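Okay, here's what each chain looks like letter by letter:
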Amino acid sequence: NNCINSKPQEKDWFGEMLQGYFLNGQDDWVITRENQLFHAPNHGYRYEFYCDLSEYAGGNYYQQAIEIDAKVYVCPANAQDILVLRDHQIVERIELKHELERPGAFCGTWKLGKDLYLIPNQYPDIVRLDTECNRVEYLTGYNDRFVKMIEGVWKIGGSCIWNNRIWLSSPNSNEVLAIQGGSLQIEEYTIPSEDVRGTMGMVPDGENIWLLPFEGEDIVRWRPDTGETQVYRGLPED
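To keep things clear, this report deals only with the structure shown in the data block.

**Structural notes on unusual backbone geometry**
A positive phi angle, close to 50 degrees, is found at Asp69, a residue other than glycine. With respect to the element layout, Asp69 can be found in the loop between strand 4 (62-68) and strand 5 (71-76). When its relative accessible area of 52% is taken as the criterion, Asp69 is described as exposed.

Right, here's the structure in full:
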């Protein structure tokens, strides 16, 4: 961990055990870096061991667990499959097309209705899983809109759910991709603001989506249905 610059304190290991929470996640489920699943049955952030997800301790294979209809779907980070759990054990493994021999396949998962959308990092496709029949579909040819190599570093734009769509933004421009839930129809947008030069976070709020920049401190409020934008800058110190 390159952020360690002092001697470890008694409970520092807690921060290394957990990968953190997701805006789109269900906080009752967390996955450790060692591929173990923990559950907070009373919604109080007091976690109990649920099960092992892999016989291997390393690798960050999985990153999110999402509960749908009494099943828990464990979605990958470095792995290329989805695990289905019930009653503390893996009952099914949904294999994806094997495309990579290196880590970094996916950066997150969104739940829209009973469908799961896996957002790729280095995996070549956006993946949709219909959890009612476990049908897997692939959207190919769109990764270059929101995953880009910039100055020698791979960067991934922000994403969110708004108006029954999955929204994906560019990390270095004002371009946005929207995937219609159900039909998988693709819509492409250009945000009409020169203040948007790459977005690392998208936060929906009623009629608006708030865009958080990769560089600088300008926050942009965007209303996709009208194209209206407003820029917030000059944040107070601290």
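Continuing now.
**Remarks on the sheet that holds strand 16 (residues 175-180)**
Strand order in the open sheet formed by 4 strands is 14-15-16-17, with antiparallel pairing between adjacent strands. Pairing within the sheet leaves two strands with one partner each, and these edge strands are strand 14 (159-162) and strand 17 (186-190). Pairwise comparison of adjacent strand axes, ignoring direction, gives a mean angle of 25 degrees for this sheet. As paired elements, strand 14 and strand 15 (residues 165-169) share 4 bridges and run antiparallel to each other. Its bridge partner lying in strand 15, Cys160 is registered against Trp167.

**Here we look at the pairing of strand 19 (residues 208-213)**
Moving residue by residue along a regular strand, the side chains alternate between the two faces of the sheet. Of the strand pairs in this sheet, strand 18 (residues 199-205) and strand 19 are connected by 6 bridges, and their pairing is antiparallel. If you follow Thr199 over to strand 19, its bridge partner there is Pro213. Between strand 18 and strand 19, which follow one another and run antiparallel, lie 2 residues, and Gly206 among them has a positive phi close to 65 degrees. Summarising the sheet, strand 19 and strand 20 (residues 219-223) pair through 3 bridges and their orientation is antiparallel.

Conventions used here
Residues numbered from 1 in each chain as written. Predicted model: local features only at pLDDT ≥ 70, side-chain atom pairs only at ≥ 80, totals over all residues. Heavy atoms only, no water. Helix = DSSP H or I, 4+ residues; strand = E, 2+ residues; numbered from the N terminus. Buried < 20%, exposed > 50% of the residue type's maximum accessible area, 1.4 Å probe, protein only. Pairing = 2+ DSSP bridges. Axes fitted to C-alpha atoms, helices over the stretch in contact; angles between N-to-C directions.

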